[in-house]
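So you can see what is in the structure, the chains are spelled out below.
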Amino acid sequence: MTRTYWAAGTAVLLALLFAVAATVASASGGDGDGSRTSSRAPGLYSPDAGFARDMAVHHQQAVEMSFIVRDRTKDEPVRGLAYDIANTQANQRGMLLGWLDLWGLPKVVADEPPMSWMGAADEHGGHGTGAMAGHDMGGATTKPGALMPGMATKEELAQLGAAEGRDAEVLYLQLMTDHHKGGVAMAQGCAAQCKTPAERALAQGMVEAQQSELTLMADMLKQRGAAPRG
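We now turn to the structure provided with this report.

1. Looking at helix H3 (residues 76–102)
For H3, which comprises 27 residues, the first-to-last C-alpha distance of 39 Å matches the rise-based estimate of 39 Å (1.5 Å per residue) to within 8%. Two or three places before valine 78, at the start of H3, stands the capping residue aspartate 75, its side-chain oxygen 3.0 Å from that residue's backbone nitrogen. Phi turns positive one or two residues past the end of H3, at glycine 104, with a value near 70 degrees.

Pasting the structure below:
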C-alpha cells in the first residue's frame, strides 16, 4: 500500500513540476522563439480550454468531499488520504484556472455543456457533440443529478456529511473511487486531445496518480469489509 501511494504522489509531483515550468514560460511570453503565447492560445471550445474548465469543477468537488470526511472520522489513514487528495487537487485546480487566465479565456461558458470538449472538432473549432463522440469514457458514466462522470450528487454529499466513523470512511472511499474513475477518463481525453504540452503532461500525471489511488482505496475498503460500488 505504501509503495502504491508513493508512486501516486511521485506522478502528481512530476506533473505539477511540468505545469509550473510551463506556466512560468507562458507568463514570460513564449517558449524562446520570440513569439507570444497568446497568438497560439487554445480556442474557447478547444479540448485544452474545455478540460481546464471541467476538471477545475471536478477537482473542486473532490476537495469538498475530502474536507467533509476529515470532520466525520478520526481514522488517520482516511484523514491522511483526504488531506493529500484535497491538497493535490486544489493545486492542480489553481494551475488549470491559471492557464485559462493566461489564455484570456473565461472560466465559465454559459452555452457550453459539460464534457462537450471531448467531441471538439479541432483546437479552435466550435461545439463538440459530447463525451462519447470524442473519446471512450472507459465505463465512467454521469449519474442522474450529477454534473460530470464520477461526480457525486447533492444527496450523496449530504449523506456523507451526515455519516460518522466507519460509515463515513466507507462512503467517502466509494464516492472518491467513482470520482477518480471519472477523472481518469477525462484526463485520458485531454492527454489524447489537448495541444498544450504542459497540460497533456499534467493530465497524464493525473491518470497515473489517480489510478494508483484507486488501487489504494480498493485496499482500504477491503480492510473495512466493503468494496467499491457498482
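Read on, since the account is not over.
2. Re helix H2 (residues 47–70)
With 24 residues, H2 extends 34 Å from end C-alpha to end C-alpha; this agrees with the ideal 34 Å at 1.5 Å per step. The buried fraction of H2 amounts to 19 of the 24 residues, a majority that puts the element mostly inside the structure.

3. What about the packing of H2 against H3?
Between H2 and H3, the least distance of the axes is 8 Å, while the angle of their chain directions is 155 degrees. Accordingly, the angle class assigned to the pair H2 and H3 is roughly antiparallel. When you trace H2 past H3, the crossing you get is left-handed. Grouping the constituent residues of the contact of H2 with H3 by class yields 18 nonpolar, 5 polar and 4 charged.

4. With respect to the nonpolar core
A general trend in soluble globular proteins is that nonpolar side chains are found buried together. Formed by 52 residues in total, the largest nonpolar core has its most connected members in Phe51, Met65, Leu81, Leu96 and Tyr172. Listed by contribution, the elements that provide at least two residues to this core are H2, H3, helix H5 (154–162), helix H6 (165–193) and helix H7 (197–223). Of the residues forming this core, the biggest block, 11 residues, is contributed by H6. When sequence neighbours within four positions are dropped, the list of residues in contact with phenylalanine 51 reads Ala56, Leu96, Trp117, Met186, Ala187, Cys190, Cys194, Glu199, Ala203 and Met206.

5. Focus: the state of the cysteines
Taken as a whole and assessed by the stated rule, the structure comprises 1 disulfide. Cysteine 190 shares a disulfide with cysteine 194; S-S distance 2.3 Å. Taking the sign of the S-S torsion, about -120 degrees here, the bridge from cysteine 190 to cysteine 194 comes out left-handed. Take cysteine 194: its relative accessible area is 2%, and that puts it in the buried class.

6. Details of the pattern of salt bridges
Summed over the entire model, instances satisfying the criterion amount to 10 salt bridges. The salt bridge involving lysine 143 is made with glutamate 156; its shortest N-O contact spans 3.0 Å. Placement of lysine 143 in the loop between helix H4 (131–134) and H5 and of glutamate 156 in helix H5 is noted, with a sequence separation of 13 residues between them. You can call lysine 143 partly exposed: its relative accessible area is 22%.

Calculation criteria
- Residues numbered from 1 in each chain as written.
- Predicted model: local features only at pLDDT ≥ 70, side-chain atom pairs only at ≥ 80, totals over all residues.
- Heavy atoms only, no water.
- Helix = DSSP H or I, 4+ residues; strand = E, 2+ residues; numbered from the N terminus.
- Expected span 1.5 Å × (residues − 1).
- Polar contact = N/O pair within 3.5 Å; in protein donor to acceptor, adjacent residues only side chain to side chain.
- Buried < 20%, exposed > 50% of the residue type's maximum accessible area, 1.4 Å probe, protein only.
- Axes fitted to C-alpha atoms, helices over the stretch in contact; angles between N-to-C directions.
- Parallel < 35°, antiparallel > 145°, perpendicular 65-115°, else oblique.
- Left-handed = near helix turned anticlockwise from the far one by under 90°.
- Nonpolar A, V, L, I, M, F, W, Y, C, P; charged D, E, K, R; others polar.
- Core = buried A, V, L, I, M, F, W, Y, C linked by side-chain atoms within 4.5 Å.
- Contact = heavy atoms within 4.5 Å.
- Disulfide = S-S within 2.5 Å.
- Salt bridge = Lys/Arg side-chain N within 4 Å of Asp/Glu carboxyl O.

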